[in-house]
Amino acid sequence: MVEIHISEINSFSTCRLLWDWQFRQQLEPKEISPAFLIGLAIHAGLQAYYDKSGDPVKAVFYYMDSRLGSDKCLVDPWKSHLELAAGMMKHYMLWAPTGYNSKWPGDAGFEFIDTEREFGYPHNFIGYTGPTLSESVHGAGRIDGVVRRKSDGSLWIFETKTSSQPAALKKFLPKDRQAGMYMLGMQEYLGQPISGVL
């Protein structure tokens, strides 16, 4: 079965040469971007935080160590990036218990149902009416989490983005394909409506 991820669709839409390198030739960059690695490490920490599988800050350290090796993690500039990621995770752990609930005063909050869930969905889930595609083509993705709103039982997708420029991120996110595709895909996968993305 062929799986098409939203990252592949975005890559194809942005730059077909980059798409060819990444997805057809499966080339990887020689150097990993610090911002990308920090984002991945934060995801590892969030998974540990929400599924209570271990210390979230240690999960950040372990993830970066597994990607870089201890020799790189202990010297700058990577040591500074590791400290930044650990600091971000510590701040999140202080903020999260009340941070989301403060956006919906009087709400009972959310409970996590699942974290870092990979899912697949049929290729025609968006109502495609053109020529029939192969039955072996499916959309696929990985969401950060699924949460249930305690006050009404509604399901929401929980997505985390890290950015050094939050204002730019706010401008970009409403146009991002990922949220809509993930909502439709998870509705198909779970067989239940998704109310939105947090």
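All values derive from a computational prediction rather than experimental measurement. (Residues numbered from 1 in each chain as written. Predicted model: local features only at pLDDT ≥ 70, side-chain atom pairs only at ≥ 80, totals over all residues. Heavy atoms only, no water.)

Once that is clear, we can look at the pattern of salt bridges. A full pass over the atoms with the stated rule returns five salt bridges. As a salt-bridge pair, Asp20 and Arg24 come within 3.4 Å of each other at their nearest N and O atoms. Linking Asp20 with Arg24, this pair stays in helix α2 (residues 16-24), spanning four residues, or about one helical turn. Residue class for Asp20 comes out buried when judged on its relative accessible area of 16%. Given a relative accessible area of 60%, Arg24 falls into the exposed group. For Glu116, the salt bridge is made with Arg142, and the minimal N-O distance between the two is 2.9 Å. Of this pair, Glu116 sits in strand β2 (residues 110-122) while Arg142 sits in strand β3 (residues 137-149), and the two are 26 residues apart along the sequence. When its relative accessible area of 14% is taken as the criterion, Glu116 is described as buried. One salt-bridge network, held together by shared partners, links Glu116, Glu118 and Arg142. (Salt bridge = Lys/Arg side-chain N within 4 Å of Asp/Glu carboxyl O. Helix = DSSP H or I, 4+ residues; strand = E, 2+ residues; numbered from the N terminus. Buried < 20%, exposed > 50% of the residue type's maximum accessible area, 1.4 Å probe, protein only.)

Here we come to the nonpolar core. The tendency in soluble globular proteins is for nonpolar side chains to be buried as a group. Counting 21 residues, the largest nonpolar core has Ile42, Leu46, Tyr50, Met64, Ala85, Met89 and Tyr92 as the members making the most contacts within it. Counting only elements with at least two residues in this core, the list comes to α3 (34-51), α4 (56-68), α6 (78-99) and β4 (155-158). The greatest single-element share of this core, amounting to seven residues, is contributed by α6. Ranked by size, the runner-up nonpolar core spans eleven residues in total, among them Ile6, Val146, Ile157 and Ile194. (Core = buried A, V, L, I, M, F, W, Y, C linked by side-chain atoms within 4.5 Å.)

A full pass over the atoms with the stated rule returns one cavity of 30 Å³ or more. Empty space within the largest cavity amounts to approximately 50 Å³. His43, Leu46, Gln47, Tyr50, Phe112, Thr115, Glu116, Asp144 and Phe158 together form the lining of the largest cavity. When residues of the lining of the largest cavity are traced back to their parent elements, those giving at least two are α3 and β2. Of all the elements, α3 adds the most residues to the lining of the largest cavity, at four residues. The class makeup of the residues in the lining of the largest cavity is four nonpolar, three polar and two charged. (1 Å grid on protein atoms, 1.4 Å probe; cavity = no way out; pocket = protein on both sides within 12 Å on 5 of 7 lines; lining within 4 Å. Points joined across faces, edges and corners; volume = space filled by probe spheres on them. Nonpolar A, V, L, I, M, F, W, Y, C, P; charged D, E, K, R; others polar.)

Relative to the elements of secondary structure, Asp144 occurs in strand β3. Looking at Asp144, its side chain comes within polar contact range of the side chain of His43, at 3.0 Å. Sequence-distant contacts of Asp144, defined by excluding residues within four places in its chain, comprise His43, Asp114, Thr115, Glu116, Phe158, Glu159 and Thr160. (Polar contact = N/O pair within 3.5 Å; in protein donor to acceptor, adjacent residues only side chain to side chain. Contact = heavy atoms within 4.5 Å.)

Per-residue confidence for the protein gives a mean pLDDT of 80; residues scoring 70 or more make up 79%. Model confidence for the protein, summarised as mean pLDDT per element, is weakest for helix α7 (residues 166-172) at 67 and strongest for α4 at 90. (pLDDT = per-residue confidence, 0-100.)

Here we take up a nonpolar patch on the surface. On the surface, Leu17, Leu18, Trp21 and Leu27 cluster together into a nonpolar patch covering about 380 Å² of accessible area. Considering the arrangement of structural elements, one finds Trp21 in helix α2. (Patch = residues over 30% accessible without salt bridge, like charges linked within 9 Å, V, L, I, M, F, W, Y side chains within 5 Å. Areas by Shrake-Rupley, 256 points an atom, 1.4 Å probe, with all protein chains shown as cover.)

Every second residue of β4 is oriented toward a common face, with Leu155 and Ile157 on one face and Trp156 and Phe158 on the other, all of them buried. Pairing analysis gives two bridges linking β4 to strand β5 (residues 194-197), with the strands arranged parallel. Paired with Leu155 across the two strands is Ile194, which belongs to β5. (Pairing = 2+ DSSP bridges.)

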